Amino acid sequence: MRRLLTTALLISAYVPAAQAMTVAEFLAKSDAVKAKGVMAMMSSDLTLLRNEMKSVSTAYRADIDAAQKAGKPPHSCPPPKGKASISSDDVMAELQSLPTADKARTSVKTAFYALMKKRYPCGK
């Protein structure tokens, strides 16, 4: 059993980490899901999009909390969790507002962080 676990760990070390989804990829998948209408609820891409946003927002909150605990200035200063007023429409508008060339090379995470910095700057 130990040998099997060791082998599995070694194999997993060679599997490349998932790359961050670009804004272009996110928007393309979002458009494809919307085009499915009611059937979108059963789309694996819907789950993928939700997971991407959950991952990005969780990383954002973790970065804010880590900066606070370390006594460093935070990236931005959002209200406490659950009090923020960012909707999915706000996020989609921000992603769609990027120039086409930037969409292809900007991760959803980078675009989300930029939105949060714009919406919740520190010192205001």
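Each value, and the rule that gives it
Residues numbered from 1 in each chain as written. Predicted model: local features only at pLDDT ≥ 70, side-chain atom pairs only at ≥ 80, totals over all residues. Heavy atoms only, no water. pLDDT = per-residue confidence, 0-100. Contact = heavy atoms within 4.5 Å. Helix = DSSP H or I, 4+ residues; strand = E, 2+ residues; numbered from the N terminus. Buried < 20%, exposed > 50% of the residue type's maximum accessible area, 1.4 Å probe, protein only. Polar contact = N/O pair within 3.5 Å; in protein donor to acceptor, adjacent residues only side chain to side chain. Lys, Arg positive; Asp, Glu negative; His and termini not counted. Salt bridge = Lys/Arg side-chain N within 4 Å of Asp/Glu carboxyl O. Phe/Tyr/Trp six-rings, centres within 6.5 Å; stacked < 30°, edge-to-face > 60°.

**Student:** How would you explain the confidence of the model for the protein if you had to name every residue and give the values?
**Tutor:** Mean pLDDT over the protein: 82, with 83% of residues reaching 70 or higher. Segment residues 1–17 is flagged for pLDDT under 50; beyond a separation of four residues in sequence, or across chains, it makes 0 contacts in the model.

**Student:** Can you explain the side chain of Ser76? Please cite residues and give values.
**Tutor:** Mapped onto the elements, Ser76 comes out in the loop between helix H3 (44–69) and helix H4 (88–97). Judged by relative accessible area, which is 1%, Ser76 ranks as buried. A polar contact is formed between the side chain of Ser76 and the side chain of His75, at a distance of 3.1 Å. Setting aside its immediate chain neighbours within four residues, Ser76 contacts Tyr60, Ile64, Met116, Lys117, Tyr120 and Cys122.

**Student:** So, the side chain of Lys103: which residues are in play, and what are the values?
**Tutor:** Position of Lys103 among the secondary structure elements: in helix H5 (residues 100–105). The buried charged residue Lys103 lacks any salt bridge, with Asp31 as its nearest oppositely charged partner at 8.3 Å. Excluding its chain neighbours within four sequence positions, the residues that come into contact with Lys103 are Thr22, Val23, Ala24, Leu27, Leu95, Gln96 and Leu98.

**Student:** I'd like to hear about the packing of aromatic side chains, residue by residue, with values.
**Tutor:** A complete count under the given rule lists 2 aromatic pairs for this structure. Centroid distance Tyr60 to Tyr113: 5.3 Å. Interplanar angle 85 degrees. Geometry classified as edge-to-face. With Tyr60 in helix H3 and Tyr113 in helix H6 (residues 108–119), the pair connects residues that are 53 residues apart, well separated along the chain. On the basis of relative accessible area, Tyr60 is assigned to the buried category, the value being 2%.

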